[in-house]
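Structure assessment
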Amino acid sequence: MTLLHHIRSLHSLAPANKDHVSAWRVAISVAVPSLVLLAAGRPELTGYAVFGALTGMYGRTEPHQLRLRHQGQAAVLLLSGVGVGVFLSVHHIHSWALVIAEAAFAGVASLFTDRTALKPAGPFFGILALGACASVPAAVPWQTAVLIAAGSAAFSIVIGFGGWFRGRTWQRGWRRDVTVLSGAGRRAVWLHAARYVSAVAAAGTLGVLSGSGHPHWAMAAAAVPLSGADLPSSVYRGVHRIVGTLVGLVVVAAILFPWPGSPLLAFPGQEAAVLVCLVIVLQFSTELFMTRHYGLAMVSFTPVILLVGQLAAPTDPGVLIAERAVETGVGAAVGILVVVLIRRGRLAMP
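The rules behind each value
- Residues numbered from 1 in each chain as written.
- Predicted model: local features only at pLDDT ≥ 70, side-chain atom pairs only at ≥ 80, totals over all residues.
- Heavy atoms only, no water.
- Helix = DSSP H or I, 4+ residues; strand = E, 2+ residues; numbered from the N terminus.
- Buried < 20%, exposed > 50% of the residue type's maximum accessible area, 1.4 Å probe, protein only.
- Contact = heavy atoms within 4.5 Å.
- Areas by Shrake-Rupley, 256 points an atom, 1.4 Å probe, with all protein chains shown as cover.
- Lys, Arg positive; Asp, Glu negative; His and termini not counted.
- Charge placed at Lys NZ, Arg CZ, Asp CG, Glu CD.
- Core = buried A, V, L, I, M, F, W, Y, C linked by side-chain atoms within 4.5 Å.
- Phe/Tyr/Trp six-rings, centres within 6.5 Å; stacked < 30°, edge-to-face > 60°.

As for the overall build of the protein
For the protein, the count of helices and strands is 15 helices and zero strands. Each principal axis of the C-alpha atoms in the protein carries an extent, and together these give about 60 × 50 × 45 Å. Burial statistics for the protein: of 350 residues in total, 52% are counted as buried. The contacts in the protein between residues at least 6 apart in sequence include a share of 81% that link residues at least 24 apart. For the protein, the accessible surface area stands at approximately 15,100 Å², while carbon and sulfur atoms represent 69% of it. The protein carries 24 positive and 12 negative side-chain charges, and their two centres are separated by 14 Å.

Encoded structure:
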């Protein structure tokens, strides 16, 4: 492939495939539990609900019966990430212990997602949930945080299955088409897990050594290129992650910095409600582009993660944006380097 072809691929927008339907499902899944927490006066817990609601991103094009199973498997990944992250937060486990825990989780989660063939591929959202939950003070007991995430995940599964009541078709024994791994396929899966462990550990190490207060951002970014099917697609995802995040940080700055057009200044005293509403809207636009152009999706998803973090533990916006930019660049670069150095074997999977 020529350089010009690669450049065009970076900018190409995949054809639409009823993306608005999936976007509405995910937005509703995020909106209801988030608004319930806002009405209860606990907007700082929104992050747990959002990570549980990301269950709705999985199995978007599958029939309802298969989507039900697919999203159930995705909920295991996400709730595991939330559970481990909150456990680390409750016990004030940070820095090097966080790097070790997140790298180990990345390896185990990679084995799980390859075995179950989750789509979106890879353990990225579980890794992200772990790091994000570990990085903010736990405002409620561990069990409460996990229950909020579990309730949100269950609600998103109900939303994803809701359309089944129109047709009510159910085929006994119908399973998702997942190939049983053996031989070279099994070895490839273990190699893939090793790549996740290496990338996440290396990025986390650099994040800690840099003195950043958010090394988990580097670890999450390092996982992004590893879900690519081949070397070019892995590099594309890494580049999309960096560029999409940088543009998304401009959106964050427009929201959090005090300037005449800031939405937070437009509704004084209602800052938490404004942030929650923005999270819902931005999650809709994230899902709208998630399968069409990863970079565009990151323009919306970057503010989602930072805004729920601000709800949980407000931070100086300037420091927040600067550290996110640096950690994302470092993490994505590490992920691409690992892809180049440790070539992915052929997975015997669909």
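Looking at the environment of A39
Within the secondary structure, A39 is located in helix 2 (residues 19–39). Overall, A39 belongs to the exposed group, its relative accessible area being 71%. Taking the C-alpha atoms as reference points, A39 and G261, 222 residues apart in sequence, are found 26 Å from one another.

Remarks on the nonpolar core
Counting 80 residues, the largest nonpolar core has Y48, F51, F125 and F301 as the members making the most contacts within it. The element that contributes the greatest number of residues to this core is helix 14 (residues 294–312), accounting for 10 residues. For Y48, the residues in contact, after removing those within four places along its chain, are V82, V86, C133, P137, A138, A139, V140, A145, I148 and A149.

Some points on the packing of aromatic side chains
The tally for this structure, following the rule as stated, stands at four aromatic pairs. Aromatic pair Y58 and F125: ring centres 6.4 Å apart, planes at 80 degrees, arrangement edge-to-face. With a gap of 67 residues between them, Y58 in the loop between helix 3 (46–53) and helix 4 (64–90) and F125 in helix 6 (residues 124–134) connect regions that are remote in the sequence. Like F125, Y58 is buried. For F125, a relative accessible area of 4% corresponds to the buried category.

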